[in-house]
Amino acid sequence: MVATVAMDTSALMMPVERDVRVFEELERLLGEFECAVPRAVCDELSKLSDGASEEAVAASVGADLATERCRVVEHEASYADDVLVELAPEFDYVVTNDGPLKERLLDAGAPVIHIRGRNKLAISKP
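On a predicted model such as this, the values are computed, not experimentally measured, just so you know.

A separate point is the pattern of salt bridges. Summed over all chains, the structure comprises six salt bridges. One salt bridge in this structure joins D19 and R118, with 3.8 Å as the shortest N-O distance. Of this pair, D19 sits in the loop between helix 1 (9-17) and helix 2 (22-30) while R118 sits in the loop between strand 5 (112-116) and strand 6 (120-124), and the two are 99 residues apart along the sequence. Judged by its relative accessible area of 63%, R118 falls in the exposed class. Among the charged side chains, a network of salt bridges with common partners joins E25, R28 and K120.

Let us look at the state of the cysteines. All told, the structure shown has zero disulfides when counted by the stated rule. Distance from the sulfur of C42, which forms no disulfide, to the nearest cysteine sulfur (C70) is 8.0 Å. You can call C42 buried: its relative accessible area is 13%. On the basis of relative accessibility, which here comes to 10%, the residue C70 falls in the buried class.

Moving on to the nonpolar core. Counting 45 residues, the largest nonpolar core has V5, M7, L12, F23 and L26 as its most contacted members. At five residues, the largest contribution of residues to this core is made by helix 5 (residues 80-87). Not counting residues within four places of it along the chain, the set of residues in contact with M7 comprises L12, V22, F23, L26, C35, A36, V37, P38, V41, C70, L84 and V95.

Rules used in this analysis
- Residues numbered from 1 in each chain as written.
- Predicted model: local features only at pLDDT ≥ 70, side-chain atom pairs only at ≥ 80, totals over all residues.
- Heavy atoms only, no water.
- Salt bridge = Lys/Arg side-chain N within 4 Å of Asp/Glu carboxyl O.
- Helix = DSSP H or I, 4+ residues; strand = E, 2+ residues; numbered from the N terminus.
- Buried < 20%, exposed > 50% of the residue type's maximum accessible area, 1.4 Å probe, protein only.
- Disulfide = S-S within 2.5 Å.
- Core = buried A, V, L, I, M, F, W, Y, C linked by side-chain atoms within 4.5 Å.
- Contact = heavy atoms within 4.5 Å.

This is the structure:
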């Protein structure tokens, strides 16, 4: 069975901000998987990528990863965190490095993949 994984903004920025090889780590944890990213996450990455700061570079890399490695999911809501919580039942996991979002997802019954230690990913289940 192929696991379906939704990515949030912080997950797609992990390669630059946290030196995490996020797709290799997902393969280590899950084996075969498919990634999806809500349109609101793509929009957020686009807004954050303006400028030359480290955050802008991380967002630019994240935007590239989103379009190259994930299918984009269209939806009605505009706030990325709300969309991920709303869409979470459609996926096997949600990947995030955002603490408050992680708690919302776990409270909603969604398994979350997050950073554990320096640059490894782990799964937390509700």
